[in-house]
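The chain contents come next:
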Amino acid sequence: MVSSKELKERVSRVYAERIKEASSCCDDGVAVEIYSPDALEGLPDGVASFGCGNPVALASLAPGQVVVDLGSGAGLDCFLASRAVGPEGHVIGVDFTPAMLEQARRNQAKLRIDNVSFRQGDIEALPLDDESVDVVISNCVVNLAPDKDAVFREAFRVLRPGGRLMVSDILLERAATAEEMEDLALYAGCISGSLPVEEYLGKLRAAGFEEVGYEVEAPAKEGEFWFSAAVSARRGVTA
Ligand SMILES: C[S@@+](CC[C@H](N)C(=O)[O-])C[C@H]1O[C@@H](n2cnc3c(N)ncnc32)[C@H](O)[C@@H]1O
């Protein structure tokens, strides 16, 4: 069986390759399908999307909020969130792949956005203080983390009481088989590392979250056992 460390290194290598290959979000059919043309207007080549949903559109962000994006990739959701939180707010993108962070910072420089910062880190051990953010977003990344309990514990820790989590992710209609989990294309492709719906939501509840729920963003296609969903939860005010 592949160790968690090896799995993360493989995932990181895959995404380092993908960001080198990707040139433009606007050539990427997935991004165009998921995001409205208005949202993508004005973004430079290189703001590639590897997501499976649109967490910013669903997160109801407000001016002045601090937002963290788990697995921020080339920065697209951070840049969209930065518009919503405005100059009084701040968005922190966390990613463990150096090539992604370099691309995200290049994109940020082109866009001249100064209320976003990118940090290298593992979403299983966030480089953020306790109770320091208002909203946790993420787009198709939690499924890649071998230790989802740790990811949700960390998300809970960094959220202020009353803070919210809005994560677009792949959920499964049945558990992936051991063979599917060992298939790197399926794993790094954001499918076989994920969990059946109730198991995924149960881990959020176990981490302390309340108001845990999900909505389907894109249903399973014929013959597939996975679908895209927007998962939401809240850290209670007394927790
Ligand atoms: C499917 S891509 C999604 C990127 C971005 N959220 C988007 O929508 O374009 C997955 C990203 O998560 C990062 N990643 C995967 N596992 C991670 C982990 N444990 N900690 C930090 N980043 C991780 C990868 O480096 C990659 O940039």
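One can find the structure itself at the top, above this paragraph.
Residues numbered from 1 in each chain as written. Predicted model: local features only at pLDDT ≥ 70, side-chain atom pairs only at ≥ 80, totals over all residues.

**What about the site of the ligand?**
- Around the ligand, a shell composed of 26 residues is seen, among which Gly51, Gly71, Gly73, Thr97 and Asn139 lie nearest.
- Elements with a contribution of two residues or more to the shell around the ligand: helix 1 (4-21), helix 5 (76-85) and strand 2 (90-95).
- Among the residues making up the shell around the ligand, the classes are represented as 13 nonpolar, eight polar and five charged. (Near = placed C-beta within 6 Å. Helix = DSSP H or I, 4+ residues; strand = E, 2+ residues; numbered from the N terminus. Nonpolar A, V, L, I, M, F, W, Y, C, P; charged D, E, K, R; others polar.)

**A short note on the sheet that holds strand 1 (residues 66-70)**
- In space, the seven strands of this open sheet follow the order 3-2-1-4-5-7-6, with mixed pairing throughout. Taken across any chain shown, the strands that pair with only one partner, and hence form the sheet edges, are strand 3 (116-120) and strand 6 (210-218). Across the sheet, the mean angle from the axis of one strand to that of its neighbour is 20°, orientation sign disregarded.
- Bridge count for strand 6 against strand 7 (residues 226-234) is six bridges, and the pairing is antiparallel. By the bridge assignment, Val216 is partnered in strand 7 with Ala229.
- Contacts from helix 6 (residues 98-111) reach strand 2 and strand 3 within the one sheet, and its direction differs from that of strand 3 by about 165°.
- The sheet contacts of helix 10 (residues 197-206) involve strand 5 (159-172), strand 6 and strand 7, and relative to strand 6 the element is tilted by about 145°. (Pairing = 2+ DSSP bridges. Axes fitted to C-alpha atoms, helices over the stretch in contact; angles between N-to-C directions. Contact = placed C-beta atoms within 7 Å.)

**Let's talk about the pairing of strand 5**
- Judged by how many residues are buried, strand 5 sits mostly within the fold: 11 of 14 residues are covered.
- Bridge count between strand 4 (residues 133-139) and strand 5: six bridges; the pairing is parallel. Residue pairing for strand 5: Asn139 is matched across the bridge by Ser168.
- This β-α-β element, strand 4 to helix 7 (residues 148-158) to strand 5, shows right-handed connectivity. (Buried ≥ 20, exposed ≤ 12 C-beta atoms within 10 Å, placed from the backbone. Right-handed = clockwise from strand over helix to strand, strands pointing away.)

**So, helix 6**
- In this model helix 6 runs 20 Å from its N-terminal to its C-terminal C-alpha over 14 residues, within 8% of the 20 Å that 1.5 Å per residue would give.
- Its buried side turned inward, helix 6 meets helix 1, strand 2 and strand 3.
- Backbone geometry just downstream of helix 6 places Arg112 in the positive-phi region, at approximately 55°. (Expected span 1.5 Å × (residues − 1).)

**Some words on the pairing of strand 2**
- Summarising burial for strand 2: six of the six residues are buried, a large majority.
- Side chains His90, Ile92 and Val94 project from strand 2 onto one buried face, and the interleaved Val91, Gly93 and Asp95 project onto a second face that is buried too.
- Both strand 1 and strand 2 contribute to a ladder of five bridges, which runs parallel. Directly across from Asp69, in strand 2, lies its bridge partner Gly93.

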